[in-house]
Amino acid sequence: MLKELSIKNFAIIDALTVEFQEGLTVLTGETGAGKSIIIDAVQLLAGGRGSQEFIRHGAKKAELEGLFTLPEEPHPAYDKCKELGIEIDEGIIILRRDLNDTGKSVCRLNGKMMPLNMLREVGSTLIDIHGQHESQELMDDKQHIHLLDQFAGDAIIGEKERYASLYEQYRTLKSELAALSLGEQQIAQKIDLYAFQIKEIDACKFKENEENELMEERRRLNNFHKIFEGSSHAHEAILGESKGLDWIGQAMSDLEDVANVDEQFKEQSMAVSDAFYVLQEAAFSLKNILDEMEFDPERLNEVEQRLALIQNMKRKYGHSLADILAYRDQIGKELETLENSDENIQKNEKRLKDLEKQLAEQAERLTVIRKEYGVQLAEKIMTQLQELYMERATLIVQITPSHTFDAMGSDEVIFYISTNVGEPPKPLTKIASGGELSRIMIALKTIFSSTMGITSIIFDEVDTGVSGRVAQAIADKISLISVNSQVLCISHLPQVAAMADHHYYIQKQEEDNRTFTSLCELVEDDRIDEISRMMSGEVVTEKTFQHAKELVEIAEEHKQRRII
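Procedures and definitions
- Residues numbered from 1 in each chain as written.
- Predicted model: local features only at pLDDT ≥ 70, side-chain atom pairs only at ≥ 80, totals over all residues.
- Heavy atoms only, no water.
- Helix = DSSP H or I, 4+ residues; strand = E, 2+ residues; numbered from the N terminus.
- Rg over C-alpha atoms; globule rule 2.2 N^0.38 Å.
- Buried < 20%, exposed > 50% of the residue type's maximum accessible area, 1.4 Å probe, protein only.
- Contact = heavy atoms within 4.5 Å.
- Areas by Shrake-Rupley, 256 points an atom, 1.4 Å probe, with all protein chains shown as cover.
- Lys, Arg positive; Asp, Glu negative; His and termini not counted.
- Charge placed at Lys NZ, Arg CZ, Asp CG, Glu CD.
- Core = buried A, V, L, I, M, F, W, Y, C linked by side-chain atoms within 4.5 Å.
- pLDDT = per-residue confidence, 0-100.
- Axes fitted to C-alpha atoms, helices over the stretch in contact; angles between N-to-C directions.
- Left-handed = near helix turned anticlockwise from the far one by under 90°.
- Nonpolar A, V, L, I, M, F, W, Y, C, P; charged D, E, K, R; others polar.
- Parallel < 35°, antiparallel > 145°, perpendicular 65-115°, else oblique.
- Phe/Tyr/Trp six-rings, centres within 6.5 Å; stacked < 30°, edge-to-face > 60°.
- Lys NZ or Arg CZ within 6 Å of the ring centre and 35° of its normal.

A. Representation of the overall build of the protein. A tally of helices and strands in the protein yields 19 helices and 15 strands. Against the 2.2 N^0.38 benchmark of 24 Å for 564 residues, the protein shows a C-alpha radius of gyration of 39 Å, more extended than a compact globule. Counting over 564 residues, the protein shows a buried share of 42%. In the protein, 71% of the contacts between residues at least 6 apart in sequence involve partners at least 24 apart. Looking at the protein as shown, the accessible area adds up to about 31,400 Å², and 48% of this sits on carbon and sulfur atoms. Once the 63 positive and 100 negative side-chain charges of the protein are each reduced to a mean point, those two points are 6 Å apart.

B. Up close: the nonpolar core. Grouped together as the largest cluster of nonpolar side chains are 70 residues, with contacts concentrated most on L377, L385, V397, F459, I478 and V487. With 12 residues, the top contributor of residues to this core is helix α13 (residues 341-387). Apart from residues no more than four positions distant in its own chain, L385 is found in contact with M390, E391, A393, I417, R439, I440 and A443. Grouped together as the second largest cluster of nonpolar side chains are 46 residues, L5, V42, L64 and L519 included.

C. Region of the structure containing the confidence of the model for the protein. With 93% of its residues at a pLDDT of at least 70, the protein reaches an overall mean of 85. By mean pLDDT, the top-scoring element of the protein is strand β4 (residues 61-69) (92), and the lowest-scoring one is helix α14 (residues 428-431) (75).

D. Structural detail: the packing of helix α8 (residues 224-239) against helix α10 (residues 266-292). Relative orientation of the contacting elements α8 and α10 amounts to 140°, with a least axis distance of 10 Å. α8 and α10 meet at a crossing whose hand is left-handed. Facing F228, S231, S232, A234, H235, I238 and L239 of α8, the residues of α10 in contact are L279, A283, F284, L286, K287 and L290. Of the residues assigned to the contact of α8 with α10, the class counts are nine nonpolar, three polar and one charged.

E. Focus on unusual backbone geometry. Even without glycine at this site, K205 takes up a positive phi of about 50°. Examined against the element boundaries, K205 turns out to sit in the loop between α6 (184-204) and α7 (210-222). Accessibility expressed as a relative area gives 68% for K205, which makes it exposed.

F. Geometry of the packing of helix α18 (residues 524-536) against helix α19 (residues 542-560). Look at α18 against α19: their axes get within 8 Å of each other, and the N-to-C directions meet at 110°. Comparing their axes, α19 and α18 come out roughly perpendicular. At the point where α18 passes α19, the crossing takes the right-handed sense. Within the contact between the two elements, α18 uses D525, R527, I528, D529, I531, S532, M535 and S536 and α19 uses T544, F545, H547, A548, K549, L551, V552 and E556. Of the residues in the contact of α18 with α19, the class split is seven nonpolar, four polar and five charged.

G. Broad picture of the packing of aromatic side chains. Within this structure, the stated rule accounts for nine aromatic pairs. Taken together, a centroid distance of 6.3 Å and an interplanar angle of 35° make the contact between Y167 and Y170 tilted. Placement of the pair is Y167 and Y170 together in helix α5 (residues 154-180), with a separation of three residues, close to one helical turn. By the burial criterion, Y167 is buried, and Y170 matches it. Ring centres of F276 and Y277 lie 5.3 Å apart, and the angle between their planes is 85°; on these two criteria the pair is classed as edge-to-face. Taken together, the aromatic side chains of Y163, Y167, Y170 and F405 make up a single cluster linked through ring pairs. The ring centre of F516 lies 4.8 Å from the NZ or CZ of R56, which sits over that ring.

Following this line, the structure appears as structure tokens:
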């Protein structure tokens, strides 16, 4: 659930921090007070699109931060954060987003910076926002299949995974066949190109670490005189007459005599003796190297030419010798495939035919499950719609074979509805009004609220345009949804406000020629006063107050009976 929300320099909000609780939280206030701005902030926090226009006038940036608490695993947020390498400690997720006046935004999840798309992936597992103008899944026929599969739940998950595995093999094989089915001229051109490239790379006889070895050799050759002179001086300093080794030899001899008399010098005597023989061996090695050293300007030229060849080949085939050699292996396999294209096409076509048969059988299993659960989902939606006073509505989950395969199977799923007696069902997206769509969406949220896994559901004035018994029915449904998920709801309906477990009032104030939005929680008589205002407008009478009080009492009775 969304436990705490902090907003700073966002639209007309200067600074605002609010703690939310479980259950149904209703936000009310006059039009333009900033209710939807708070929802906009939550939406941006969850990865929505932002712009400089959201930054409060005169500020450099807007700051948004939300603290979410998760139930114990499993929850989709845990898996998503694990994929992104984010640790969740004690079930807490903190989302933060800063909108800068440059147009860029900085996103953080539990203190770790990340791209907006990753923030959006996590946010989608935490928050589901449904607004009065937001069509969501219902207004997109392609999303209906996802709603049906969500309803089918565990009954379809395993079959979908098996189908997905087969479909990936099928898609990959079709791509390979498409590559093999090039025209004869294109195949001949590719064969010639690959053969030339392989010949060119092979002629170079590259070794994987050759470039580093050549660069090291070039350094030695370019610094030959410095190396020769330095090592010669070192050899002379060690082995020259009356130089280092003579003096150390004298010290070794003297210490051996002393150690024979006094054992406390034995350790020093051995150390000097070891140093003498080590230096002697080093001097002999230096002499051998010096004897073999000879400057070869031709070799330097060969090394430079070889390095130039490597750079030229890297421009053509890769960033490193390893890339060039890997590319050579890749085109070698592709050349072999192209040279045997006819044979490979026949093999792959047979494999594709076998896969299509398996895919069709698995897709049929998905169809059978969808038809079974499509009937159940339609019945449940119609039951909910009856309680939302759409008694004459008939809804059908229409499943039609598409005779083609995609990631979801071979089914086309579209919700059909008839809201009037005698009218045939037609696609939901073509005939449903805004008020009907809101009620259908609330019906779906009621059905899915216990299984969808979202910690917070937000309704932004979805009850606009309804009144009377429909308003009360919507209030009851929103309250039912809050049993399994935290619900934040912006509303102008007193019936919805009366059902709230927590009621916040949002108001706009002016100070020093600036506008500010503030928020406070209403309890007891203050809450009844606000519901009275929602019922009657600016003038609140005693009768209105009593009516509002009665509405709250009835709502409390409803909440005692709310069982999904």
